[in-house]
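# Coordinates in review
Next come the chains, spelled out residue by residue.
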Amino acid sequence: MNKYDMRNVQIIDNLLENLINEDVLAALKEFVLTINDKIIESLIGKDKKNYFLLISTRNSIFLLCFNQFEKDSLKVQQRQKADVREVKFLRGAPNGKFSIIFANDQWKFNHIFRGRVFDFLQDVKPRDINNAGYDYTIRGEFHQLLDPDHAEEIDRLRKYMQDGHISHYEYDDYNPSISKAGK
């Protein structure tokens, strides 16, 4: 059991509370225990006769389609966040609507009734990570920024933070150019 298992199951419990059959919920929880990563965002919606659950983790997006009464109806698709080319937000929940465009595929969703559609898309959308420019630093201040070794380290830290591996506070702690007064 990894450190995210209980949190992930609790997220699924809260999202699907009083919505589906206990056997189907148990099958979903069993799948969630196999993810081995932290769930960042989740949404639940309904198609003609099936429900779908969208889960985003640090590196992946999962689409789980299921019938609320049939335990064996669970179908899972997994895509990498790196494969996302564009996202289109049309409407928030309830009755949310959006699409995710991949290199050679597209997922369209209507009738999202639980979860935060905009937050999910912010997590999933592709990000351009900019390299910092160190040409305009003030001479004599923040000497670490003038050192090319530190510049590369700061860029790696920024990318690591933007990918979700460390928090903004950890970025501040590890960044050699930020003063650590009181620490």
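Check the entry above for the structure.
This write-up is about the structure you can find in this document. (Residues numbered from 1 in each chain as written. Predicted model: local features only at pLDDT ≥ 70, side-chain atom pairs only at ≥ 80, totals over all residues. Heavy atoms only, no water.)

Looking only at helices and strands, the protein has 6 helices and 7 strands in total. Listed N to C, the secondary structure of the protein is α-α-β-β-β-β-β-β-β-α-α-α-α in terms of helices and strands. A total of 183 residues make up the protein; the buried ones form 38% of that total. Considering only contacts in the protein between residues 6 or more positions apart, those separated by 24 or more positions represent 43%. (Helix = DSSP H or I, 4+ residues; strand = E, 2+ residues; numbered from the N terminus. Buried < 20%, exposed > 50% of the residue type's maximum accessible area, 1.4 Å probe, protein only. Contact = heavy atoms within 4.5 Å.)

This next bit is on the sheet that holds strand S6 (residues 96-102). Here we have 7 strands laid out as an open sheet, ordered S4-S3-S2-S1-S7-S6-S5, and antiparallel in their pairing. Two strands bound the open sheet, and with one partner strand each, they are strand S4 (75-80) and strand S5 (84-91). The mean inter-strand angle of the sheet, taken between neighbouring strand axes irrespective of direction, is 30°. Bridge analysis of strand S1 (residues 41-46) against strand S7 (residues 106-115) gives 3 bridges, and the strand direction is antiparallel. Counted as the bridge partner of leucine 43 is glycine 115 from S7. (Pairing = 2+ DSSP bridges. Axes fitted to C-alpha atoms, helices over the stretch in contact; angles between N-to-C directions.)

Generally speaking, nonpolar side chains in soluble globular proteins are found buried as a group. In terms of nonpolar packing, the biggest core is built from 21 residues, with Ile12, Leu16, Ile20, Ile44, Leu53, Ile55 and Phe66 touching the most fellow members. For this core, the secondary structure elements donating two or more residues are helix H1 (5-15), helix H2 (22-32), strand S2 (51-56) and strand S3 (60-66). Ranked by residue count, the leading element in this core is H2, at 5 residues. When near neighbours in sequence (up to four residues on either side) are disregarded, isoleucine 55 contacts Ile12, Val32, Ile35, Ile39, Glu41, Ser42, Ser60, Ile61, Phe62, Leu64 and Phe120. (Core = buried A, V, L, I, M, F, W, Y, C linked by side-chain atoms within 4.5 Å.)

On to unusual backbone geometry, then. Despite not being glycine, asparagine 36 has its phi angle at roughly 60°, a positive value. The phi torsion at asparagine 95 lies on the positive side, around 60°, for a residue other than glycine.

A few words now on the pairing of S2. The element S2 is largely enclosed, with a buried count of 6 among its 6 residues. With burial as the criterion, each face of S2 is covered, one bearing Tyr51, Leu53 and Ile55 and the other bearing Phe52, Leu54 and Ser56. Both S1 and S2 contribute to a ladder of 6 bridges, which runs antiparallel. Note on S2: the bridge partner recorded for glycine 45 is phenylalanine 52. Where S1 folds back on S2, the antiparallel hairpin that results is connected by 4 residues. Both S2 and S3 contribute to a ladder of 6 bridges, which runs antiparallel.

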